[in-house]
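Each chain is listed here by its residues.
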Amino acid sequence: MTVATMPTSQKPKLRLQNVTKEFVAKRTGQKTLAVSDFSLDVRPGEFLCVVGPSGCGKSTVLNMIAGLDQPTEGSIVMDGQLVTRPGAERGVMFQDYALFPWKSVRDNVGFGLKHGTPGNGLSPVERRERVDHFVKMVGLEAAATKYPHQLSGGMRQRVALARLLANGPEVLLMDEPLGALDAQTRMVLQVELLRIWGEAADHGERKTVVFITHGIDEAVFLADRVVVMSSHPGRVSAVIDIDIPRPRTEHIRSEPRFGQLTDEIWSLIRDEAYQAIA
Amino acid sequence: MTTATHRFSITSLPPAVKAVTLPILLILAWQAWTLTLPENSPAPAPAKVVASFLALTASGDLIWSTLQSLGRVIAGFAIAMVCGISLGVLMGSSKAVRENLDPIVESFRPIAPMAILPIAILWFGTGTPAALTIVAYAAFFPLLVNTVYGVSRVDRQLVRAAQTMGIGRLRTVLAVIVPAAVPSVLLGSRLAMGVAWTAIIAAELAVGAKSGSGGSGGIGNMMFIFYAYSVDLNGIVVCMIVVGVIALLIDRLFRAAETRLLPWRT
Amino acid sequence: MVSLMETRSAKELSEIPVDPSAVRRPARATMSPGQLAGRFWRARWFVVLRAFAVFIALWWGVSAWVSSPIQMPTPAKVFDAFLGLASSGELFQHIWISTQRLLVALVVATTIAVPLGFFMALNREANAFIDPLVELLRPISGIAWIPLGLFIFGVGGTLPVFIMAYVAFFPLLLNTVDGVKGIDRKLLAAAETMGVSRRARLTHIAVPAALPSVMVGFRIAFASAWAAIIAAELIGSPSGLGFAIEWYRQLLMSPKVFAFIMTIGAVGYLCDLGLRALQRKLTPWAEGTGIGQ
Ligand SMILES: Nc1ncnc2c1ncn2[C@@H]1O[C@H](COP(=O)(O)OP(=O)(O)O)[C@@H](O)[C@H]1O
Ligand SMILES: [Mg+2]
C-alpha cells in the first residue's frame, strides 16, 4: 500500500523524488525540518488528495510543486521537466483564495489572461469569452461585477476556482480550498467540484489534481488516491486507493465502503491527532 | 390622575436640534457677555464677527489670502508627494533600503515642522520658499510612513498567486503591489494634507511675526496683521473659522476621493 | 513616534502603520562564525550606527560644499555648540521649561478629556449634545488659536500651555469615547449574570477595556502637543525650546539653532519611548491587537 510508484507503464504527470524541505529562520538561524524524504508519483488525470494533521507539511509540499518554494533536497519533475519556478501550467488555489480585493469577479477570473502567460496569443474577444465561460461555469454571472468583499465564502471559493480554470493549467494544486466553508456548503461544492473536473468524462480529458484537505471524508469522497502524511518531519505514511466508482453522488457517503475507507485513514492519523492536542 | 400626552422631554428632541443647541447657547452667551463690555472694547462679538466676515469677503482680502495659503499648501504637498511616495515605494519594496533609512527617518519624525522654520528662514529668507519647505516637511512623513506601510504590507499571498499565473516581476509590481498599496497612500495623503494645512498657518503666522514687516501674505499672515497692527479680534475669529472650514473641506474631499477611488473596500 | 498630526479617531488609528521599532525581535540561537559576522552586519544597533555615520558624513560633505557656517554649520560646530549649551545649563533650562509646560498641559487635557469621554460614551443623550460642538471645534487647529491666545494671555508661559492643552484635548477625548464605546457588550452582560455591581463593572471592565485606546490617544496627544509647543513658543513666549531656536536664528548663531532642533527631536523621541514603555506596562494585553502599538 505504501507503493507510491506507478503500477502501470503510464508516465507520471508529476514525480517527487526524495523531496526534503528545511526552513531556516533568517534572524535566529533556527531550523525547521518541514518535509523529509517525500517521494510520490502523480498520474495524469488523477484526483489525488493529501491528508494529514495540521502542520505536517502539506502546504509546503504543494508550494514546492507550484515552484513557489524550492526543495532543500530532492527533485520535482513535471512531464520530464525539472520544476524550478512558478508557471501557469501549474495553477494554485490558495486556502484563503488570494483574490485581488480591488478586482471584480470578472476581472479576478481574467487576471491571469490579462497580465500573465495564459493570455498569450488570445485576442481581447477570446479572453472575454473565456472569462464569461468560466464565470458561467461556476454560476456567478449575476455577481460578475461584484468585489470579493461583497461575496459569501462559497462564492469567493467559486471565483478562485474559475480563475484557476481560466488560466488553463495542466495541474490543479488546491490547498484546503473548502477549508473555510461551513459543512453544508462544503458538501455541495464537493459535488460541484467533481462535476467541473469532469468526473463523467473520459479519463484523458481530466486535469491532474493535487488536493490538500484535513477532512478525511472529503478526501475519500473526491479522490482516486489518498496520500496520508505524518508529521515532524512530514513524510508519506500511506497511499490509499479509493475504489469507489465514479461518477460519485451524495449516496456514496452512506455506503459501507465509504465508511471503511474513512475509518482506515482515520486509524492511520488518529494517534498523531491525539498527540497534537494532548 | 391624568398623564400629559405631550410632556416635554429633552430626549425626544430631534437629533438636529440637539446638535445645534450647545453651539447656539454658547454663541448667545458670548454675545450677551460682549454687551456688558464698554463700546470700544476690542473683544470679539458674534455680530461683529459676521460683519467683519462680510466686509473681508466683499473687499476680496479674505478670499485672496485663503487662495494664497491654499496655493502654498498644494505646492508643498506636491513636493512632499513626489519625495514621500517615491522614497516610500523604495523603502517599502526593499527591506535593505528600509532597514538602513529607518533610523534616519525615525530621528527626523519627532522634530516638529515649526522647528525647521528657523533653518528655512536662514536658507530662503522670509518668503514663500520658506513656507513651502515647512509644508513639504510636515506633509512628507505621513506620506512616507503610510506608503512604506502600504507597500511592505502587501499580502504576500497575492504576489504568489500572480506568480502562479505566469505574471512577470515588473507586471506584478504594476498589477498587484501598486493597487494594493493605494489605500495606504490615500490615507497618508489625507493625513498629510491635514498637517500641511496646519503647518502653513503656523509658518505664515511665524514668518509674519518674525520678519517684522507685513510678511508675505496668506491667511496666517492676515491673522498676524490683525493681531499686531490693526488689533482686530473679530478679523482673527473670522480667520480661525475659515481655517477650520478649509480643514474640514480638505478632510471631506480626501475621504470622498477614498470612497470613489476604492469602491472595492467595504 | 505617532506622527505629528492633529486629532485622529481610534478607527483611523487601526489604519495607522505599526511602528517597526515596536516589533520585538526573537531571541538569537547559537551560530557559526560566518553567520555571526553576517548577523553582526545586520544587527539592529549596527545598522543604526552605520546609518548615522553615513548621515553625518553626508552632512559634513554638504557643509564643506556649501561652506557657509551660517546656512550649514559642520557637525563638529554643532556638537561644540551642543556641549557649550549643555555645560552652561542653558540647554536643560529650556528643556525643563518646555517639558514643564507640556506636563501641565497634558494633565489639564487629561483631567478634562478622559472623564468627559467616559461620560459621553456612557450617556447617549449627553453625546448627542456635546459631540457636534466637539466636531465643530476640532478642525480649528491649535495653531490658529495663537493670535487670539496672545491677546488673552499675552506673551508668556500660559499661551503655550493653553495651545497644547487644546491640541491634546481632542485625541484624548475621541479615543476615550471610542475605547469605552468599543467595550465588548458580552463582557458587561457576562458580569451582570455573575451579579457584579454596576460600580465594579465600571472599574473592573469599562476602565481596563478602554485603557488601551486611551493610551493611544495619550500618545497622539503628546505628539500633537510637542509639535504645537514649538510653534507657540516660537511666536509667543520668551522662553522654552521653541523660543531658543528662533532667538539664536535672529543672532545668526546657526550651530546653536541646529543643536536646539536636534534637542527638540531627541526629547520628543525619548518621551515617546517612555510613553510606549508605559503603554506596554499598563496595557500589556493590548499588544498585537492592532491598537496597542
Ligand atoms: N516559511 C516558513 N518558515 C519556517 N517554517 C515554516 C514555514 N512554512 C511552514 N513552516 C513550518 O513547516 C511545517 C509545515 O507547515 P505547513 O506545510 O504549512 O503545514 P500544513 O499545511 O500541513 O498545515 C510547520 O511546522 C510550519 O511551522
Ligand atoms: Mg496548510
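If you're wondering where the values come from, they're calculated on a predicted model, not measured in any experiment.

**As for the domain arrangement of chain A**
Residue and element names in this part refer to chain A.
Inference 1: Structurally, chain A comprises domain 1 (2–89 + 171–277) and domain 2 (100–169).
Inference 2: At the interface, 15 residues of domain 1 touch 14 residues of domain 2.
Inference 3: Taken together, both faces of the contact between domain 1 and domain 2 bury some 1100 Å²; the carbon and sulfur share is 68%.
Inference 4: The largest contributions to the domain 1 side of the interface with domain 2 come from Ala88, Leu172 and Ile196, which together make up 39% of the buried area.
Inference 5: At the junction of domain 1 with domain 2, the criterion picks out one salt bridge.
Inference 6: In this structure, the salt-bridge partner of Glu192 is Arg158, at a minimum N-O distance of 3.2 Å.
Inference 7: Our count for the domain 1 to domain 2 interface comes out at three residue pairs in polar contact (both at pLDDT 80 or more).
Inference 8: Those elements that provide at least two residues to the side of domain 1 that touches domain 2 are β7 (171–175) and α6 (183–197).

**Quick word on the interface of chain A and chain B**
Inference 1: Taken together, the contact between chain A and chain B spans 27 residues of the former and 19 residues of the latter.
Inference 2: With both chains or domains summed, chain A and chain B bury close to 2100 Å², and 65% of this area falls on carbon and sulfur atoms.
Inference 3: Ranking the residues of chain A by area buried against chain B places Trp102(A), His115(A) and His149(A) at the top, with a combined share of 30%.
Inference 4: Connecting chain A to chain B are one salt bridge.
Inference 5: Asp69(A) is the salt-bridge partner of Arg160(B), the closest N and O atoms lying 3.9 Å from each other.
Inference 6: For the pair chain A and chain B, the interface holds three residue pairs in polar contact (both at pLDDT 80 or more).
Inference 7: Of all elements in the fold, only β6 (90–93) and α3 (111–115) of chain A reach the threshold of two or more residues within the side of chain A that touches chain B.
Inference 8: Among the elements that take part in the side of chain A that touches chain B, α3(A) stands out by supplying four residues, more than any other.
Inference 9: Here the residues of the side of chain A that touches chain B sort into 13 nonpolar, eight polar and six charged.

**A short note on the pattern of salt bridges**
Inference 1: One pass over the full model with this rule turns up 25 salt bridges over all chains.
Inference 2: The closest approach of N and O atoms between Glu233(C) and Arg101(C), which form a salt bridge, is 2.7 Å. Taken together, the residues Glu233(C) in helix α10 (residues 198–236) and Arg101(C) in helix α5 (residues 90–122) connect sequence positions 132 residues apart.
Inference 3: Overall, Glu233(C) belongs to the buried group, its relative accessible area being 0%.
Inference 4: Taking relative accessible area as the criterion, Arg101(C) reaches 9% and is therefore assigned buried.
Inference 5: The network of salt bridges with common partners includes Arg190(B), Asp251(B), Arg255(B) and Glu258(B).

**A closer look at the site of ligand 1**
All names here are of chain A.
Inference 1: Near ligand 1, the surroundings consist of Phe23, Ala34, Ser54, Gly55, Cys56, Gly57, Lys58, Ser59 and Thr60.
Inference 2: At a separation of 3.2 Å, an oxygen atom of ligand 1 approaches a polar backbone atom of Cys56.
Inference 3: Within the backbone of Gly57, one N or O atom sits 3.1 Å away from an oxygen atom of ligand 1.
Inference 4: Ranked by the residues each element gives to the shell around ligand 1, the list is headed by helix α1 (residues 58–66), at three residues.
Inference 5: Residue composition of the shell around ligand 1, grouped by class: three nonpolar, five polar and one charged.

**Some remarks on the sheet that holds strand β5 (residues 81–82) of chain A**
Residues and elements named next belong to chain A.
Inference 1: A sheet is described by the order of its strands in space; here four strands give the open sequence β2-β1-β4-β5, paired in antiparallel fashion. Either end of the sheet is taken by a strand with one partner, and the two such strands are β2 (31–42) and β5.
Inference 2: Pairing of strand β4 (residues 73–78) with β5, which is carried by two bridges, proceeds in the antiparallel orientation. Bridge pairing in β5 places Val77 opposite Leu82.

**A look at the state of the cysteines**
Inference 1: Throughout the structure, instances matching the rule amount to zero disulfides over all chains.
Inference 2: Free of any disulfide, Cys49(A) has its nearest neighbouring cysteine sulfur in Cys56(A), separated by 13 Å.

**Looking at a nonpolar patch on the surface**
All names here are of chain B.
Inference 1: Together, Val20, Ile24, Leu25 and Leu28 line one region of the surface with nonpolar side chains, adding up to about 370 Å² of accessible area.
Inference 2: Mapped onto the elements, Ile24 comes out in helix α1 (residues 15–35).
Inference 3: A residue is classified by how much of its surface remains accessible, and Ile24, at 46% relative accessible area, is partly exposed.

**Some thoughts on the sheet that holds strand β10 (residues 235–241) of chain A**
Residues and elements named next belong to chain A.
Inference 1: The six strands are arranged β6-β7-β8-β3-β9-β10 in an open sheet whose pairing can be described as mixed. Two strands bound the open sheet, and with one partner strand each, they are β6 and β10. Pairs of neighbouring strands in the sheet enclose a mean axial angle of 20°, with direction left out of account.
Inference 2: In the sheet, strand β9 (residues 225–230) pairs with β10 via six bridges, with the strands oriented antiparallel. Its bridge partner lying in β10, Val227 is registered against Val239.
Inference 3: Sitting on the sheet, helix α8 (residues 256–277) touches β3 (47–51), β9 and β10, and the angle it makes with β10 is about 170°.

**What to know about the nonpolar core**
A general trend in soluble globular proteins is that nonpolar side chains are found buried together.
Inference 1: Within the largest apolar cluster, 129 residues are counted, with the highest numbers of intra-cluster contacts made by Trp197(B) and Ile146(C).
Inference 2: Of all the elements, α10(C) adds the most residues to this core, at 17 residues.
Inference 3: The residues contacting Ile146(C), other than those within four sequence positions of it, are Leu205(B), Leu159(C), Ile163(C), Ala231(C), Ala232(C) and Ile235(C).
Inference 4: If you look at the next biggest cluster of nonpolar residues, it comprises 52 residues, including Phe47(A), Leu164(A), Leu193(A) and Leu194(A).

**A short note on the packing of helix α3 (residues 61–93) of chain B against helix α6 (residues 128–152) of chain B**
Residue and element names in this part refer to chain B.
Inference 1: One can describe the packing of α3 onto α6 by two numbers: an axis separation of 6 Å at closest approach and a directional angle of 30°. As for how α3 packs across α6, the hand of that crossing is right-handed.
Inference 2: Across the contact of α3 with α6, the residue classes break down as 21 nonpolar, eight polar and one charged.

**Considerations on the interface of chain B and chain C**
Inference 1: With 59 residues of chain B at the contact, the number on the chain C side is 59 residues.
Inference 2: Of the roughly 5400 Å² buried between chain B and chain C on both sides combined, carbon and sulfur atoms contribute 75%.
Inference 3: Put simply, chain B and chain C have one salt bridge between them.
Inference 4: Listed by contribution, the elements that provide at least two residues to the side of chain B that touches chain C are α1, α4 (95–108), α5 (113–124), α6, α8 (169–211), α9 (219–228) and α10 (233–261) of chain B.
Inference 5: Residue contributions to the side of chain B that touches chain C peak at eleven residues, all from α8(B).

**Overview of unusual backbone geometry**
Generally, phi is negative for residues other than glycine and the peptide bonds are trans, each holding for most cases.
Inference 1: For the peptide bond that leads from His232(A) to Pro233(A), omega is -10°, which places it in the cis range.
Inference 2: With respect to the helices, strands and loops of the structure, Pro233(A) is situated in the loop between β9 and β10.
Inference 3: Cis peptide bonds are those with omega within 30 degrees of zero, and the linkage from Arg246(A) to Pro247(A) qualifies with -10°.
Inference 4: Positionally, Pro247(A) belongs in the loop between β10 and α8.
Inference 5: Even without being glycine, Leu252(C) reaches a positive phi, approximately 55°.
Inference 6: Mapped onto the secondary structure, Leu252(C) falls in the loop between α11 (241–250) and α12 (254–282).

Conventions adopted
- Residue indices begin from 1 for each chain and proceed along its sequence in written order.
- For naming, the first written chain is A and the first written ligand is 1, with later ones following in the order written.
- Under the rules for a predicted model, residues below a pLDDT of 70 receive no local features and side-chain atom pairs below 80 are neither given nor counted, while totals for whole chains, interfaces and linings still include all residues.
- By convention in this description, side-chain values take in all heavy atoms of the structure and omit both hydrogens and water.
- For the domain bounds, the source is a domain assignment made automatically or taken from a database.
- Any two residues whose heavy atoms approach within 4.5 Å at even a single point are treated as in contact.
- In this description, buried area is defined as the sum, over both parts, of the accessible area (probe of 1.4 Å) that is lost when the two are combined.
- Whenever Lys or Arg places a side-chain nitrogen within 4 Å of a carboxyl oxygen from Asp or Glu, that contact is recorded as a salt bridge.
- N or O atoms closer than or at 3.5 Å make up a polar contact, with two conditions inside protein: a donor-capable atom paired with an acceptor-capable one, and, for residues adjacent in sequence, both atoms drawn from side chains.
- For helices the rule is a DSSP run of H or I covering at least 4 residues; for strands it is a run of E covering at least 2, with both sets numbered from the N terminus onward.
- Residues were grouped as follows: Ala, Val, Leu, Ile, Met, Phe, Trp, Tyr, Cys and Pro as nonpolar; Asp, Glu, Lys and Arg as charged; and all remaining residues, including Gly, as polar.
- Each residue is placed in one exposure class: buried if its accessible area under a 1.4 Å probe, protein chains only, is under 20% of its type's maximum, exposed if it is over 50%, and partly exposed if it falls in between.
- Residues are labelled near a given molecule or strand when at least one of their non-hydrogen atoms is within 4 Å of it.
- Strands pair, by our definition, only if DSSP identifies at least two bridges between them.
- Count a disulfide wherever a pair of cysteine sulfur atoms falls within 2.5 Å.
- Like charges within 9 Å and nonpolar side chains (Val, Leu, Ile, Met, Phe, Trp, Tyr) within 5 Å are joined into patches, using only residues over 30% in relative accessible area that form no salt bridge.
- Residue-level accessible areas treat just the shown protein chains as cover; the underlying method is Shrake-Rupley with a 1.4 Å probe.
- Helix axes use the C-alpha atoms of the stretch in contact, all axes being lines fitted to C-alpha atoms, and the angles between their N-to-C directions lie in the range 0 to 180 degrees.
- In this description, a nonpolar core means a group of buried Ala, Val, Leu, Ile, Met, Phe, Trp, Tyr and Cys residues linked to one another through side-chain atoms lying within 4.5 Å.
- Helix crossings get a hand from a simple test, with the near helix turned counterclockwise from the far one by less than a right angle marking a left-handed crossing and a clockwise turn marking a right-handed one.

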